[in-house]
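So the chains spell out like this:
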Amino acid sequence: MKKLNLFIFLTFCSFGLFFVSTQQQSKAATVDMQTQTQLYDYLKSHHINGVILVNDKGKQPVTITNNENANKNQIVKTNRLFPTASLQKIITGTAIYQLKQEKKITYDTSLHKYFPQIDGSQDITIRELMNHTSGLVNNDRPLMPLKGQKQQIDYMLAHLKNDHVHTWDYQDVDYELLAAIISKQTHSTYNAYIQRKFAKPLHLRQIKDFSEVNKKNVPQTMDSTVDWHRVTVTTSSDFGAGNLFISPNNYWQFIYNYVLKNPQMVNEFYQESQKQEVAYFGGVYIDSDIIRANGSIPGYNACFIANYKTKKMIMLFSNNIDYLTLKSASDDLLHNYMGE
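Here the residue numbers are simple positions, counted from 1 along each chain's written sequence. This being a predicted model, a pLDDT of at least 70 is required before a residue's local features are given, and a value of 80 or more before pairs of side-chain atoms are given or counted; all residues contribute to the totals for chains, interfaces and linings. To obtain the side-chain values, all non-hydrogen atoms of the structure were used and water was disregarded.

**Quick look at the nonpolar core**
The nonpolar side chains of a soluble globular protein tend to be buried with one another. Here is the rule we go by: For this analysis, a nonpolar core means a set of buried residues of the types Ala, Val, Leu, Ile, Met, Phe, Trp, Tyr and Cys, connected via side-chain atoms within 4.5 Å. Relative accessibility thresholds used throughout: buried, under 20% of the residue-type maximum; exposed, over 50%; partly exposed, between the two (1.4 Å probe, protein chains only). The contact criterion used is simple: two residues touch if any of their non-hydrogen atoms lie within 4.5 Å.
By size, the foremost hydrophobic cluster in this structure holds 80 residues, and its most contacted members are Leu177, Tyr251, Ile255, Phe269, Ile291, Phe304 and Phe317. Among residues more than four places away in sequence, those in contact with Ile291 are Val259, Leu260, Val266, Val284, Tyr285, Ile286, Phe304, Ile305, Ala306 and Tyr308. The next biggest cluster of nonpolar side chains, apart from the first, holds 21 residues, and it includes Ile64, Ile305, Ile321 and Tyr337.

Written out as structure tokens, the structure reads:
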């Protein structure tokens, strides 16, 4: 009897050790000092004014900063608002996923249900908006910043076109419509819904609509051809796809807690992404264990890359590089830091 009790005790101990080991393996390893130095050297050698965020052992990431000049108004900081552009699409995509989980919508739900006035809306599904195969196009910009959600949606509806070709075409209008659908389905403004569902539960106080932000809240771009008017015009017309300003730290917290800690959602996005030419769904590109996204507006560029199984992640926010440089930097970080 004693032997049996000892066997049971040792079995439970072994299971406990295995459980702890499994839990530890699911957490990304802390970045070491040598790697931090290499990342700083990368920023310095490529003259990138900005910050890199990587995993630490705690909830907050390690920050590597490079300042290309002494102008304090142009320093990118982790707790300073930053225009996230297309990095916002995963926030919109996550909100759509949650509504699907609540059985309020499906990926097969027709756009016609919400916007019957759009040409060909009966042939467009939420799935096609999520993976950029809707056939809808809108590259117009207003002369002045749009004021309020109604004006944003009205402008979008007045300028979008349908080419009726359901192949991959990266268009902000897809996520502008998803944001409008979120609003209609929840009987709330899109911004209020994001605050209620994502910002407040994690106490993320640095997520603001463009209309709540003034020039001094944001690191000024080092691109002399871009002024604040152009920034606000762009962000105001990217409703659901770039209207939010978010600090790098708050964006990290969103991705870590609402994306990387939700393997069911990421797996579903992965399965959906494999059904089309470009492996993209819900606001992110997905390849094997890696999810990634870029965000770009005039004067500001950012990206994130993460392994959704190990939770290893890296982010870059910069205000002095162009989009082609961002893509190159994103690929370098993918191969040299993530080892992919």
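**Remarks on the packing of helix α3 (residues 89–101) against helix α9 (residues 248–260)**
Quick reminder of the rule: In this analysis an axis means a line fitted to C-alpha atoms, helices contributing only their contacting stretch, and an angle means the value between N-to-C directions, from 0 to 180 degrees. A run of H or I in DSSP becomes a helix once it reaches four residues, and a run of E becomes a strand once it reaches two; helices and strands are each numbered from the N terminus. We call two directions roughly parallel when the angle between them is under 35 degrees, roughly antiparallel when it is over 145, roughly perpendicular when it lies between 65 and 115, and oblique otherwise. Crossings are sorted by hand: turned counterclockwise from the far helix by less than a right angle, the near helix makes the crossing left-handed, and turned clockwise it makes it right-handed. All residues other than Ala, Val, Leu, Ile, Met, Phe, Trp, Tyr, Cys, Pro, Asp, Glu, Lys and Arg, Gly among them, are scored as polar; the first ten of these are nonpolar and the last four charged.
For the pair α3 and α9, interaxial distance at closest approach is 11 Å and the crossing angle is 30 degrees. When the interaxial angle is binned, α3 and α9 end up roughly parallel. For the crossing formed where α3 meets α9, the hand is left-handed. On α9, the residues touching Ile90, Ile91, Thr94 and Gln98 of α3 are Tyr251, Phe254, Ile255, Tyr258 and Val259. Of the residues that constitute the contact of α3 with α9, the class distribution is 7 nonpolar, 2 polar and no charged.

**Description of the packing of aromatic side chains**
Quick note on the threshold: For this analysis, a ring pair means two rings from Phe, Tyr or Trp (six-membered ring only for Trp) whose centres lie within 6.5 Å, classed as stacked if their planes differ by under 30 degrees, edge-to-face if by over 60, and tilted for the remaining angles. By the criterion adopted, a ring carries a charge over it if an Arg CZ or a Lys NZ lies within 6 Å of its centre and within 35 degrees of its normal.
Under the defined criterion, the tally for this structure stands at 17 aromatic pairs. Pairing Trp228 with Phe245 gives two aromatic rings, centres 6.1 Å apart and planes at 50 degrees, and the pair type is tilted. Remark: Phe245 occurs in strand β7 (residues 244–246) and Trp228 occurs in helix α8 (residues 228–236); sequence separation between them is 17 residues. For the residue pair Trp228 and Phe245, the accessibility class agrees, reading buried in each case. Members of the aromatic cluster, connected to one another through ring pairs, are Phe82, Tyr251, Tyr300, Phe304 and Phe317. Directly above the aromatic system of Tyr107 lies the positively charged group of Lys100, at a separation of 5.0 Å from the ring centroid. Looking at Lys184, its charged tip hangs above the ring of Phe115, at a distance of 4.3 Å from the centre.

**Brief notes about the sheet that holds strand β1 (residues 50–54)**
Quick reminder of the rule: Two strands qualify as a pair provided that DSSP identifies no fewer than 2 bridges between them.
Strand order in the open sheet formed by 7 strands is β2-β1-β12-β11-β10-β9-β8, with antiparallel pairing between adjacent strands. At either margin of the open sheet sits one strand with a lone partner, and together these are β2 (62–66) and β8 (280–281). Two elements, strand β11 (residues 300–307) and strand β12 (residues 313–318), share 6 bridges in a ladder whose sense is antiparallel. Following the sheet pairing, Asn301 is matched in β12 by Ser318.

**What about the pairing of strand β10 (residues 290–297)?**
Most of β10 sits out of view: 7 of its 8 residues are buried. As paired elements, strand β9 (residues 284–287) and β10 share 3 bridges and run antiparallel to each other. Bridged to Tyr285 within β10 is Arg292. Counting the residues in the hairpin turn of β9 and β10 gives 2 residues, including Ser288, whose phi is positive at 60 degrees. Judged from the 8 bridges that link them, β10 and β11 form a sheet pairing that is antiparallel. Bridge pairing in β11 links Ile297 to Tyr300.

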